[in-house]
Amino acid sequence: MIRFAGDSGDGMQLTGDRFTSETAVFGNDLATLPDFPAEIRAPAGSLPGVSGFQVHFADHDILTPGDQPNVLVAMNPAALKVNIGDLAKGGTLIVNTDAFNDRNLQKAGYGSNPLEDGSLADFHVHEVALSSMTIEALKGIDLITSREAERSKNFFALGLMSWLYQRPVEGTLAFVEKKFAKRPEIAEANAKAFKAGWNYGETSEDFAVSYEIAPAKLEPGTYRQISGNTALTYGLIAASKLSGLPLFLGAYPITPASEVLEQLAYLKHFGVRTFQAEDEIAASGAALGAAFGGALGVTTSAGPGIVLKSETVGLAVTLELPLIVVDIQRAGPSTGMPTKPEQADLLMVMFGRNSESPVPVVAASTPAGCFHAAIEAVRIAIKYRTPVFLLSDAYLANGSEPWLIPEVGALADISTEFATEPNDGETFLPYRRDAETLARPWAIPGTPGLEHRIGGLEKEDETGNVSYDPENHDLMVRLRAAKVAGIAADIPELEVDDPDGAETLVLGWGSTYGAIGAAARRVRATGRNVATAHLNHLNPFPRNTGEVVRAYDKVLIPEINLGQLRMLVRAEFLVDAVGYNKVRGRPFRAAELEDAITALVDS
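Residues numbered from 1 in each chain as written. Predicted model: local features only at pLDDT ≥ 70, side-chain atom pairs only at ≥ 80, totals over all residues. Heavy atoms only, no water.

**Student:** Please explain the overall build of the protein chain as it appears in this structure.
**Tutor:** Along its length, the protein chain carries 21 helices and 20 strands. Against the 2.2 N^0.38 benchmark of 25 Å for 603 residues, the protein chain shows a C-alpha radius of gyration of 27 Å, consistent with a compact globule. For the C-alpha atoms alone, the extent of the protein chain along its principal axes is close to 85 × 60 × 45 Å. Here the protein chain, with 603 residues, has 56% of them falling under the buried criterion. Carbon and sulfur atoms provide 52% of the accessible area of the protein chain, an area that totals close to 25,600 Å². A gap of 4 Å separates the mean positions of the 51 positive and 76 negative side-chain charges of the protein chain. (Helix = DSSP H or I, 4+ residues; strand = E, 2+ residues; numbered from the N terminus. Rg over C-alpha atoms; globule rule 2.2 N^0.38 Å. Buried < 20%, exposed > 50% of the residue type's maximum accessible area, 1.4 Å probe, protein only. Areas by Shrake-Rupley, 256 points an atom, 1.4 Å probe, with all protein chains shown as cover. Lys, Arg positive; Asp, Glu negative; His and termini not counted. Charge placed at Lys NZ, Arg CZ, Asp CG, Glu CD.)

**Student:** It is not clear to me how the packing of helix 9 (residues 228–243) against helix 15 (residues 370–384) should be interpreted in this structure. Could you clarify?
**Tutor:** Relative orientation and spacing of two packed helices are given, respectively, by the angle between their axes and the distance between those axes. Close contact between helix 9 and helix 15 brings their axes to 7 Å; oriented N to C, the two are set at 40°. It follows from the interaxial angle that helix 9 and helix 15 lie oblique. Seen along the crossing, helix 9 lies across helix 15 with a hand that is right-handed. Each of Gly228, Ala231, Leu232, Tyr234, Gly235, Leu236, Ala238, Ala239, Leu242 and Ser243 in helix 9 lies in contact with helix 15, whose residues at this interface are Cys370, Phe371, Ala374, Ile375, Val378 and Ile382. Residues belonging to the contact of helix 9 with helix 15 are distributed by class as follows: 13 nonpolar, three polar and no charged. (Axes fitted to C-alpha atoms, helices over the stretch in contact; angles between N-to-C directions. Parallel < 35°, antiparallel > 145°, perpendicular 65-115°, else oblique. Left-handed = near helix turned anticlockwise from the far one by under 90°. Contact = heavy atoms within 4.5 Å. Nonpolar A, V, L, I, M, F, W, Y, C, P; charged D, E, K, R; others polar.)

**Student:** Which parts of the structure should I look at to understand the pattern of salt bridges?
**Tutor:** Close approach of charged atoms lets side chains of opposite charge pair. Enumeration according to the criterion identifies 30 salt bridges in this entry. Put simply, arginine 586 and aspartate 86 hold a salt bridge, and the shortest N to O gap is 3.6 Å. A residue pair is termed long-range when its members are at least 10 positions apart, and arginine 586 in the loop between strand 20 (578–581) and helix 21 (590–602) and aspartate 86 in the loop between helix 2 (77–83) and strand 5 (92–96) qualify at 500 residues. Looking at aspartate 86, the relative accessible area reads 9%, which means it is buried. Several salt bridges converge on common partners, so that one network encompasses Arg3, Asp86, Arg586 and Arg589. (Salt bridge = Lys/Arg side-chain N within 4 Å of Asp/Glu carboxyl O.)

**Student:** I tried to follow the environment of aspartate 602 on my own but got confused; where do I start?
**Tutor:** Relative to the helices and strands, aspartate 602 resides in helix 21. On the basis of relative accessibility, which here comes to 48%, the residue aspartate 602 falls in the partly exposed class. Here the alpha-carbon distance between aspartate 602 and arginine 528, two residues 74 residues apart in the chain, equals 8.7 Å. At 3.0 Å, the side chain of aspartate 602 forms a polar contact with the side chain of arginine 528. (Polar contact = N/O pair within 3.5 Å; in protein donor to acceptor, adjacent residues only side chain to side chain.)

Structural measurements only, silent on function.
Right, dumping it as structure tokens:
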């Protein structure tokens, strides 16, 4: 487990991403945790401006980015102060000594130099003059100033770590040449800095050994490194092709969802249309209009933006049209901590609308799993003519892992049919329902003979005319609720991992999947029995959920909120579930969940 940390201008995300890419090419299993400040440019050397990137890689299957890094690369005192508490005792610490001057130490709040006062005695410290050695290595490159040369120190650090862990170098050198093709002098500088870092590791007596992590034994196939946002983007495009519907995205930029808008705009050659609206309300309204026109309407946002879309979602409930609402959750409330993860929007997407307006909710559990979660959300939306919430979060969105690229032919067909002719003699009844799904016909505007009324006012059963009849309103409310509840028969049952007949069940949803799985492995290694289950469908629940949770004496529900799923489970199934809840803007560590599970098993 390696963590790169430095100022937000030090290129730590690029450094971590390149190390991850070469690790993926090498064939290791991996998981990453990027961590960056919300400020566009915090003051250089300040604690709020620290940016980090942690990567966990192994020769076997892993589930999380790791609890504590074994190696910390700290580019300045602020990076050291923010991250040193996470470094495992006895771990390796590589520091850029050039940055440890009086001014930077003062900015970081150090009263003395930690490299000299003995406070780092618990670690193996390697003092490396990253800045000055990078500047020296780049002397002679035309058009490169000393300041520009110093900015290449992240590639020096990347070269050193690539040597230390025997990562391939060809891919990084090719990346540098391509990325900086318009500035060949910058490309040359970064390539030279990378090679200088590699050579320093090779020749320095400070690093007596290097390490080799063998490739992992993964399922055969073609893999690529993928982040959650990229997987979600590809999933939406795949769903568009599988459904035969053109993809329309209406979105307003917001962290951490903006990347989906950016990537879909770049992939317009797949028949994607993107609309960057003036605000969140316009974005969702445009997506719903696209759905009315026969497209796959999608709108993306994060918590504060989802609040603004709630009226449009309610309109989609009444119109009974498919609409995908992607909520990439972040820490709140209000603006909160925009770059930090949280899974606290569950109750909002379940109930955050006026009146009785149930909506299906699908949640991704892993970065790569965002691909299939997107397809599933689309499948439900178009089959049942309903808006669907798709939940991800900042941890999944920015984290990455190896993804086994699926065979296109193995992906299920989710195509749908539009209404083409009247369904009651010569009359078209827009709210006459399919007997199995309770979905109404999807009639494209302009289809001869299928003219019908739309709008937010209550519809008369079958005709769709405006109705204030009390009995009709009661009927329509119950029909819409029954339609969503009936989806339970069309989704997989909740799977339980219980190899030893446990009495304790750990139930999770969303991005806690990896930490729960890793913690359960540790608990079982101590001889204790524990079962796990993970929900990907949160409304409706899988049809056997009640049977599963009632089968165990103890149920633990870890969540990065204050107990939202726990509240739903207790209310729905009358099970005395207990929670493990923290909202720190960080994903759970496997070790803390191990302690929580062990305490409940032993109680």
